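A look at the structure
Listed below, chain by chain, are the residues.
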Amino acid sequence: MNKCLKNLNRIEFVVTMACTGKCRHCSQGEHRSNDRIDTNLAADAVRKIAKEYNIESVMTFGGEPLLCHETVCEIHKAAREMNIRQRQLITNGYFSKDFDRIKRVAQKII
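Presented here is a report on the structure given in the accompanying data block. What you are looking at is a predicted structure, and each value in this text was computed from that prediction instead of being measured. (Residues numbered from 1 in each chain as written. Predicted model: local features only at pLDDT ≥ 70, side-chain atom pairs only at ≥ 80, totals over all residues. Heavy atoms only, no water.)

Overview of the overall build of the chain
Summing up its helical and strand segments, the chain has three helices and three strands in all. N-terminal to C-terminal, the α/β element order of the chain is β-α-β-α-β-α. Oriented by its inertia axes, the alpha-carbon framework of the chain measures out at about 45 × 30 × 20 Å. Within the chain, the fraction of its 110 residues that count as buried is 31%. Sequence separation of at least 24 residues holds for 79% of the intrachain contacts in the chain that already meet a minimum separation of 6. On the chain, roughly 7,700 Å² of surface is accessible, and the fraction owed to carbon and sulfur atoms is 49%. With 19 positive and 13 negative side-chain charges, the chain shows a spacing of 3 Å between the two charge centroids. (Helix = DSSP H or I, 4+ residues; strand = E, 2+ residues; numbered from the N terminus. Buried < 20%, exposed > 50% of the residue type's maximum accessible area, 1.4 Å probe, protein only. Contact = heavy atoms within 4.5 Å. Areas by Shrake-Rupley, 256 points an atom, 1.4 Å probe, with all protein chains shown as cover. Lys, Arg positive; Asp, Glu negative; His and termini not counted. Charge placed at Lys NZ, Arg CZ, Asp CG, Glu CD.)

Re the sheet that holds strand 1 (residues 10–16)
In space, the three strands of this open sheet follow the order 1-2-3, with parallel pairing throughout. Of all strands in the sheet, those bounded by a partner on one side alone are strand 1 and strand 3 (86–89). Looking at each pair of strands side by side, their axes are set apart by 15° on average, direction ignored. As paired strands, strand 2 (residues 57–62) and strand 3 are joined by four bridges and run parallel to one another. Within the sheet, the bridge partner assigned to Val58 lies in strand 3 and is Arg87. (Pairing = 2+ DSSP bridges. Axes fitted to C-alpha atoms, helices over the stretch in contact; angles between N-to-C directions.)

Quick look at the nonpolar core
Within the largest apolar cluster, 16 residues are counted, with the highest numbers of intra-cluster contacts made by Phe13, Val15, Val46, Ile55, Val58, Ile75 and Ile84. Looking at this core, the elements that each hand over two or more residues are strand 1, helix 1 (39–52) and helix 2 (69–81). With sequence-adjacent residues up to four places away left out, Phe13 is seen in contact with Ile37, Ala42, Val46, Val58, Met59, Thr60, Phe61 and Ile75. (Core = buried A, V, L, I, M, F, W, Y, C linked by side-chain atoms within 4.5 Å.)

Written out as structure tokens, the structure is:
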């Protein structure tokens with residue numbers, strides 16, 4: 001354990017900077033990038049960090065993280081496996097106009 005991080009208790013992931021919103025107040029500018037974090041690396045990071053530290057919460061956000069819902073689900077699945085009770089997602093909820101896709105993604109997140 002790194003003594004400088006002895007009080008580490010939270011992990012946050014910026015899943016992607018891509019975003020569907022066009023918020024005037026956003027300081028990030030254009031969110032057109034298709035870049036995203038690596039799903040497997042992120043989930044493995046949760047598992048490895050949780051083994052070494054008393055992690056109490058994991059959060060995913062972005063841009064619009066549900067544009068990469070598979071990654072969000074894998075991160076939160078790893079957190080659940082590691083008994084991290086507080087799992088949070090910040091989303092504007094607007095990642096698709098397809099109702100069936102929205103329903104499938106919501107079911108996966110649950």
